[in-house]
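# Results of the structural survey
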Amino acid sequence: MKSYFIAGTDTGVGKTTITAAIAASLRKRNIDVGVMKPVATGLAQKTGFKSQDVALLHDAAQVNDDEKTINPVFLPLPTSPYDASKILNMKIDMSIVFERYRYLVKSHQMVLVEGIGGIMTPITRDFFVADMIKQMNLETIVVTRSTLGTINHTVLTIELCKKYQIPVKGLIINYFDEKGGPAERNSPSTLHEVTGLPILGIIPFVKDYQKFEVMANVVEKNMDMNVFIS
Ligand SMILES: Nc1ncnc2c1ncn2[C@@H]1O[C@H](COP(=O)(O)OP(=O)(O)O)[C@@H](O)[C@H]1O
Ligand SMILES: [Mg+2]
C-alpha cells in the first residue's frame, strides 16, 4: 500500500484532525497504518507525548511506536522549527528523521506523515518542508481551507510542489474557519479548476467534537477512502 505526506496550505487548516481521522478509519478496516510527525513545535504537554499532534496521531492509529520514532524532532516553542532552533540554540538533525521514516515504512503497511505549517515552513535555514517531502519521495495530499484567501494559498502550494516535482494526489477541503467556527460553503469547483487537481474530500465543520472516532466517521462519509485502500 502507498504511504502519503499530508501537507497543508497553512498551519491550523486541519492537517492533524484529518490525518488522525483517516488513520482511525483505516485501522477500523484492519489496515496497519503508521503515523509520523517528523518535526513538531509548540509548548510541551506535561504528560504523555510532548506534542499534542503526536498524541492524537498515535491514539488514532493505535500504534506501538515510541515518541522518538513518531516524532524524532520536537522543539518546545510555538514557532517555525528554524526559529525555535535559533531561539533555543538547538540543532535539528534531519538524518534521524529519515532513519525513523525508513523504519516506519518498513514496519507498517502504509504510513501517513503529517507536515508542519505549510510547505515552505523552514526546518533549517535552507531546508524547507518541501525538501523533506522530496527526500521522503512521497506523494502528497494537500489540506486546504475554504475561506477567503484559500485560492491564493492553494495555488502557491501546488505551484511549489510542481517546482519541486512533488506529485500531488489531490486536495482535501476543510470547511473550518481560522476563527474557530464553520466556514462558508463556497463552491470547491474553483479550487479544482485552478489547480487541475481532484478534490478527494470536503470535510464539514464538526461542532464540539471531542474524539477522533467522531471525526473518522465524518471523514469516511465525506471522502473517497479508496484513495488509501486501492
Ligand atoms: N472540520 C473541523 N471541524 C471542527 N473543528 C476542526 C475541523 N478541522 C479542524 N478543526 C479544529 O481546528 C484546529 C486546528 O486543526 P489542526 O488539525 O490542529 O490543524 P493543523 O494540523 O493543520 O495545524 C483544531 O483545534 C481542530 O480541532
Ligand atoms: Mg497539526
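Presented here is an overview of the structure given in this document. (Residues numbered from 1 in each chain as written. Chains lettered and ligands numbered in written order. Predicted model: local features only at pLDDT ≥ 70, side-chain atom pairs only at ≥ 80, totals over all residues. Heavy atoms only, no water.)

Around the magnesium ion (ligand 2), the protein contributes the donor atoms T16 (OG1), D53 (OD) and E114 (OE), which lie 2.0 to 2.3 Å from the metal centre. Between consecutive donors of the magnesium ion (ligand 2), the numbers of intervening residues give the motif T-x36-D-x60-E. Taken together, the residues span a long stretch of sequence, with T16 in helix α1 (residues 15–28) and D53 in helix α2 (residues 52–61) at a distance of 37 residues. Among the residues examined, T16 registers a relative accessible area of 10% and is labelled buried. (Donors = N, O, S within 2.8 Å, 3.2 Å for Na, K, Ca; no water. Helix = DSSP H or I, 4+ residues; strand = E, 2+ residues; numbered from the N terminus. Buried < 20%, exposed > 50% of the residue type's maximum accessible area, 1.4 Å probe, protein only.)

Right, let's talk about the side chain of T69 for a bit. Positionally, T69 belongs in helix α3 (residues 67–70). Look past the residues within four positions of T69 in its chain and what remains in contact with it is M36, R100, Y103 and L104. (Contact = heavy atoms within 4.5 Å.)

In this section: the packing of helix α5 (residues 94–107) against helix α6 (residues 129–136). For the pair α5 and α6, the least separation of the axes is 11 Å and the interaxial angle reads 40 degrees. Taken together, the axes of α5 and α6 are oblique relative to one another. Of the two possible hands of crossing, α5 and α6 adopt the one that is right-handed. In this structure, α5 contributes M94, V97, F98 and Y101 to the contact, and α6 contributes M132, Q135 and M136. By residue class, the composition of the contact of α5 with α6 is six nonpolar, one polar and no charged. (Axes fitted to C-alpha atoms, helices over the stretch in contact; angles between N-to-C directions. Parallel < 35°, antiparallel > 145°, perpendicular 65-115°, else oblique. Left-handed = near helix turned anticlockwise from the far one by under 90°. Nonpolar A, V, L, I, M, F, W, Y, C, P; charged D, E, K, R; others polar.)

With that settled, the discussion passes to unusual backbone geometry. A positive phi is found at N30, a non-glycine position, where the angle reads about 65 degrees. By the element assignment, N30 lies in the loop between α1 and β2 (33–36). Taking relative accessible area as the criterion, N30 reaches 70% and is therefore assigned exposed. Even without glycine at this site, Q165 takes up a positive phi of about 55 degrees. Locating Q165 in the fold gives a position in the loop between α7 (150–164) and β9 (168–174). Given the relative accessible area of 64%, Q165 is considered exposed.

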